[in-house]
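If you want the building blocks of each chain, they are given just below.
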Amino acid sequence: MPSYKAPTVDYQFLMHHVFDLESYNNLSPFKEASPDLIDAILEEAAKLTENVFQPLNQSGGEEGCKLENGTVLTPKGFKKAYDEYVNGGWQGMTGDPEYGGQGLPMAIGLAINEMLVSSNWGLSMYPGLTKGAAETIHTWGTDEQKNTYLPKMMSGEWSGTMNLTEPHCGTDLGLLRTKAELNDYGSYNISGTKIFISAGDHDLTDNIIHLVLARISGAPEGTDGISLFIVPKININDDGSLGDKNGVSCGSLEEKMGIHSNATCLLNYDNARGFLIGEENKGMRAMFTMMNEARLGVGVQGLAIAEVANQNAAEYARDRLQGRALSGAKYPDQAADPIIVHPDVRRMLMTNRAFTEGARAMVMWAALQFDISKFDENEENRNKAEDMLSLMTPMIKSYMTDQGVEATSRAMQCLGGHGYINEWGMTQFLADARIAPIYEGTNGIQAMDLIGRKLPSKNGEVIRDYFAMIQNFIDENKNNEDLSHYTSLLEKALQRQQTATMWLMQNAMSDPDQAGATAHYYLNLMALVSMGYFWADMVEKSKKMLAAGEGNADFLKSKITTANFFFNHLLPETTSLRYKIEAGAKDVMDLDAEAF
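So, here is what we can say about the structure in this document.

With that settled, consider the overall build of the protein chain. In terms of regular secondary structure, the protein chain is built from 18 helices and 11 strands. Its C-alpha radius of gyration of 24 Å places the protein chain within 12% of the 25 Å reference for a compact globule of 596 residues. Judged by the C-alpha coordinates and their principal axes, the protein chain covers about 80 × 60 × 60 Å. Looking at the 596 residues of the protein chain, the share that counts as buried comes to 57%. Between the averaged position of the 50 positive side-chain charges in the protein chain and that of its 78 negative side-chain charges there is a distance of 4 Å.

This is the structure:
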């Protein structure tokens with residue numbers, strides 16, 4: 001039976017010492033977020049995820065969702081767990097207080113999101129999608145729409161979804177066929193079919209608020225003619241009460257590889273009543289509000305599944321007796337040594353640990369950029385934070401989800417044959433992990449977004465600011481004996497990324513195949529450099545705390561040891577990635593299609 005322990009201590013280290021959230025109390029979400037309050041929230045989230053969500057994860061995955069009499073039923077215990085989540089006020093944690101939210105920082109919200117996903121990925125998706133839908137309505141909706149939907153969504157009484165994909169089009173949304181016809185009431189009749197709709201129908205809430213992309217009659221072809229609509233499952237009366245059922249129904253549930261406890265629906269719209277949100281033919285712009293936040297959330301899913309998988313692998317490795325240590329028996333009074341003494345098992349566990357702890361720091365940084373971009377009074381600060389977050393989002397989504405799969409696979413390997421047996425939980429973790437590189441924009445699309453849109457952004461100003469951020473840290477610390485080893489390795493890796501960037505500017509901009517063939521490698525190179533920067537920062541804070549006699553010495557020493565592994569074993573991969581980039585597209589594209 002798998003287990004889970006929320007990483008509250010690591011988050012306290014990041015929030016209080018590495019990023020010092022208290023220093024951001026000039027921003028409205030941080031004014032009430034004292035260290036004591038943050039610690040209390042983390043501890044309560046740990047109780048919810050460890051004691052309520054996690055015990056339902058394996059049984060929920062085995063039972064899955066069922067479609068009966070036109071309604072989707074979630075697994076046993078999910079409704080009670082969801083109600084406990086809602087009654088605890090978790091849904092509106094980062095929401096606007098004007099509509100019932102608590103207005104806390106995204107930095108806290110993403111930390112809680114990691115815990116929710118680690119404990120029960122399928123269940124966590126229902127409230128997760130609601131948050132993205134609510135944020136879209138908050139950004140683009142009219143005052144009437146905000147007042148109608150947001151209080152119930154912030155409270156968790158109603159949930160939300162986003163409806164993009166159709167049977168004949170995936171990423172290429174310009175091909176979508178769902179129609180919107182203006183009716184005599186000022187609303188629209190929505191007709192069409194959407195597929196792969198996560199949490200598209202369920203029994204957890206009284207209503208589901210669908211955000212649906214559709215094309216108004218007479219609109220231009222392609223993405224320039226797409227609008228966004230609010231389509232509730234149950235129509236809402238003028239007084240706010242629920243009325244009759246709208247013309248949207250679940251036609252079927254997808255039979256999937258993983259996340260069985262989350263309903264992935266085919267939804268049919270038959271003259272469903274919908275309401276335009278934002279401007280006509282500007283639906284993609286509005287939908288990207290939800291998608292960009294969702295991509296950060298999906299990146300967290302990669303981190304979250306790696307964390308819980310590695311926890312269970314480490315626990316197994318400490319307990320499983322098999323063979324003797326290569327350097328001689330470590331436990332001669334036992335029949336064998338625990339497998340954690342074996343270097344190859346240690347290699348896998350340390351690789352996972354270096355990834356999860358580095359990724360967690362990256363998530364905290366991204367969350368801070370989100371909060372600064374929304375709430376800083378200085379426009380220049382807001383714009384710079386928004387630019388940096390935009391640059392990093394495709395990297396966070398792609399790298400963290402790819403590595404989430406790899407880390408979970410390594411964790412399974414640590415269990416040997418038992419890892420392949422369902423009761424140990426690793427099969428569910430790995431099956432769940434595999435969706436994250438696919439949905440919310442496949443990772444290949446993320447890499448192309450980074451290369452094609454984000455690097456040239458503002459004539460390269462944003463990527464130069466990114467380089468300067470890391471170089472400034474190196475320059476400030478290169479003469480510090482405690483950090484010189486790390487800054488030296490980081491500077492060499494940064495130079496590799498800068499060289500690769502110049503190669504792209506000289507070759508990929510004139511030849512799209514060069515961009516397509518190298519984008520994946522470049523994104524991974526950038527991710528390792530970024531993670532190296534955050535690891536170096538964590539080492540600097542850890543050594544300062546140790547010197548001052550602050551904090552838990554064992555925790556801080558473990559942090560430094562893990563950083564050493566990252567710098568000596570993972571960061572060197574930037575060398576091979578640079579060579580792969582400079583190899584270009586020729587070998588990738590030379591074979592005729594028939595040869596495959």
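Turning to the nonpolar core, a few remarks are in order. Of all hydrophobic cores here, the largest spans 191 residues; its most connected members are Phe19, Tyr466 and Tyr522. With near-sequence residues (within four places) excluded, Tyr522 lies in contact with Leu450, Ile451, Leu455, Ile463, Phe467, Gln497, Ala500, Thr501, Leu504 and Ile581.

Glancing now at the pairing of strand 7 (residues 227–232). Counting buried residues in strand 7 gives 6 out of 6 residues, a clear majority hidden from the surface. Of the two faces of strand 7, the one carrying Ser227, Phe229 and Val231 and the one carrying Leu228, Ile230 and Pro232 are both buried. Here strand 6 (residues 207–216) runs beside strand 7; their pairing, made up of 6 bridges, is antiparallel. If you follow Leu213 over to strand 7, its bridge partner there is Leu228.

Glancing now at the packing of helix 12 (residues 443–454) against helix 15 (residues 512–548). One can describe the packing of helix 12 onto helix 15 by two numbers: an axis separation of 8 Å at closest approach and a directional angle of 90°. Judged on the interaxial angle alone, helix 15 and helix 12 are roughly perpendicular. For the pair helix 12 and helix 15, the contacting residues are Gln446, Ala447, Met448, Leu450 and Ile451 in the first and Ala515, Gly516, Ala519, His520, Tyr522, Leu523 and Met526 in the second.

Attention now goes to helix 4 (residues 78–87). Residues of helix 4 that are buried: Phe78, Ala81, Tyr82, Tyr85 and Val86. End-on view of helix 4: buried residues confined to an arc of 140°, all on one side of the axis. Exposed residues pointing more than 90 degrees away from the buried face of helix 4 are listed as Lys80 and Asn87. Its buried side turned inward, helix 4 meets helix 2 (35–53), helix 3 (57–63), helix 5 (106–119), helix 6 (121–140) and helix 7 (143–155). Backbone geometry just after helix 4 places Gly89 at a positive phi near 80°.

Our next topic: the environment of Phe567. With respect to the helices, strands and loops of the structure, Phe567 is situated in helix 16 (residues 553–570). Residue class for Phe567 comes out buried when judged on its relative accessible area of 2%. When neighbours within four sequence positions are excluded, Phe567 is seen to be in contact with Tyr486, Leu489, Leu490, Gly532, Trp535, Ala536 and Pro572.

To continue, consider the pattern of salt bridges. Counted under the stated rule, the structure contains 25 salt bridges. Arg360 is the salt-bridge partner of Asp10, the closest N and O atoms lying 2.7 Å from each other. With a gap of 350 residues between them, Asp10 in helix 1 (residues 8–18) and Arg360 in helix 9 (residues 343–375) connect regions that are remote in the sequence. Take Asp10 and Arg360: they sit in the same class, and that class is buried. A salt bridge links Asp590 to Lys586; its shortest N-O distance comes to 2.6 Å. What makes Lys586 exposed here is its relative accessible area of 56%. Here the residues in one salt-bridge network are Asp10, Glu114, Glu307, Arg353, Glu357, Arg360 and Lys559, joined through shared partners.

Next up on the list: the packing of aromatic side chains. Under the counting rule described, the total for this entry stands at 14 aromatic pairs. Relative to Phe467, the ring of Tyr466 has its centre 5.6 Å away and its plane inclined at 55°; by these criteria the two rings are tilted. Owing to a relative accessible area of 11%, Phe467 belongs among the buried residues under this scheme. Relative to Phe567, the ring of Tyr486 lies with its centre 5.2 Å away and its plane at 70°, an arrangement referred to as edge-to-face. Here Tyr486, found in helix 14 (residues 484–507), pairs with Phe567, found in helix 16; they are 81 residues apart in sequence, far enough to count as distant. A relative accessible area of 5% means that Tyr486 is categorised as buried. By way of ring pairs, the aromatic residues Phe19, Trp365, Phe473, Tyr533 and Phe534 are connected into one cluster. For Arg360, the ring lying beneath its charged end belongs to Tyr11, and the centroid distance is 5.5 Å.

A separate point is unusual backbone geometry. One non-glycine residue, Phe196, lies in the positive phi region at around 60°. Within the fold, Phe196 resides in strand 5 (residues 188–198).

Here Glu166 shows up in the loop between strand 3 (158–163) and strand 4 (179–182). Within the structure, Glu166 has its side chain in polar contact with the side chain of Thr178 (distance 2.6 Å). Polar contacts involving the side chain of Glu166 include one to the side chain of Lys194, which spans 2.9 Å. Apart from the residues lying within four places of it in its own chain, the contact partners of Glu166 are Leu176, Arg177, Thr178, Thr193, Lys194, Ile195 and Leu213.

This part is about the packing of helix 15 against helix 16. Relative orientation of the contacting elements helix 15 and helix 16 amounts to 150°, with a least axis distance of 9 Å. Here helix 16 runs roughly antiparallel to helix 15, going by the angle between their axes. Relative to helix 16, helix 15 is oriented so that their crossing is left-handed. Residues Leu528, Met531, Gly532, Trp535, Ala536, Met538, Val539, Ser542, Lys543, Met545 and Leu546 of helix 15 pack against Ala553, Leu556, Lys557, Lys559, Ile560, Thr562, Ala563, Phe566, Phe567 and Leu570 of helix 16. Here the residues of the contact of helix 15 with helix 16 sort into 15 nonpolar, 3 polar and 3 charged.

In this fold, Pro35 is placed in helix 2. For Pro35, a relative accessible area of 26% puts it in the partly exposed group. Spatially, the C-alpha atoms of Pro35 and Met505 are 45 Å apart, while their sequence positions differ by 470 residues. Ignoring any residue separated from it by four or fewer positions in sequence, one finds Pro35 in contact with His16 and Glu22.

Before going further, it helps to examine the side chain of Asp387. Looking at where Asp387 falls in the secondary structure, it is placed in helix 10 (residues 379–414). What Asp387 contacts, discounting residues up to four positions off in sequence, is Lys458 and Val462.

Analysis parameters
The numbers attached to residues start from 1 for each chain and follow its sequence in the written order. Note on the predicted model: pLDDT of at least 70 is required for a residue's local features to be given, and 80 or more for side-chain atom pairs to be given and counted; whole-chain, interface and lining totals, by contrast, use all residues. Neither water nor hydrogens contribute to the side-chain values; these are computed over all heavy atoms in the structure. The helix and strand labels rest on DSSP assignments: H or I over at least four residues marks a helix, E over at least two residues marks a strand, and numbering proceeds from the N terminus. Both definitions apply: the radius of gyration is a C-alpha atom measure, and the globule rule equals 2.2 Å times residues to the power 0.38. Burial classes: relative accessible area under 20% of the type maximum marks a residue as buried, over 50% as exposed, and values in between as partly exposed (1.4 Å probe, protein chains only). Under the counting rule used here, the positive set is Lys and Arg, the negative set is Asp and Glu, and His together with the chain ends is not counted. The location of each charge is read from NZ of Lys, CZ of Arg, CG of Asp or CD of Glu. For this analysis, a nonpolar core means a set of buried residues of the types Ala, Val, Leu, Ile, Met, Phe, Trp, Tyr and Cys, connected via side-chain atoms within 4.5 Å. Contacts are assigned to residue pairs that have any heavy atoms within 4.5 Å of one another. Strands pair, by our definition, only if DSSP identifies at least two bridges between them. Each axis is a line fitted through C-alpha atoms, and for a helix only the stretch in contact is used; angles between axes span 0 to 180 degrees, taken between their N-to-C directions. Angle categories: roughly parallel below 35 degrees, roughly antiparallel above 145, roughly perpendicular from 65 to 115, and oblique for all the rest. Note that the arc is computed from the directions linking the helix axis to the C-beta atoms. Think of a salt bridge as a Lys or Arg side-chain nitrogen and an Asp or Glu carboxyl oxygen that are within 4 Å of each other. Here is the rule: rings of Phe, Tyr and Trp (six-membered ring for Trp) pair when centre to centre is within 6.5 Å. Planes less than 30 degrees apart are stacked, more than 60 are edge-to-face, and the remainder are tilted. Ring-over charges, as used throughout, are those where CZ of Arg or NZ of Lys falls within 6 Å of the ring centre and within 35 degrees of the ring normal. Each polar contact in these results corresponds to two N or O atoms within 3.5 Å; when the atoms are within protein, one needs to be able to donate a hydrogen and the other to accept it, and residues that are neighboring in sequence are counted only if both atoms are side-chain atoms. Handedness of a helix crossing follows the sense of rotation of the near helix relative to the far helix, less than a right angle counterclockwise being left-handed and clockwise being right-handed. Under the scheme applied here, ten amino acids are nonpolar (Ala, Val, Leu, Ile, Met, Phe, Trp, Tyr, Cys and Pro), four are charged (Asp, Glu, Lys and Arg), and all others, including Gly, are polar.

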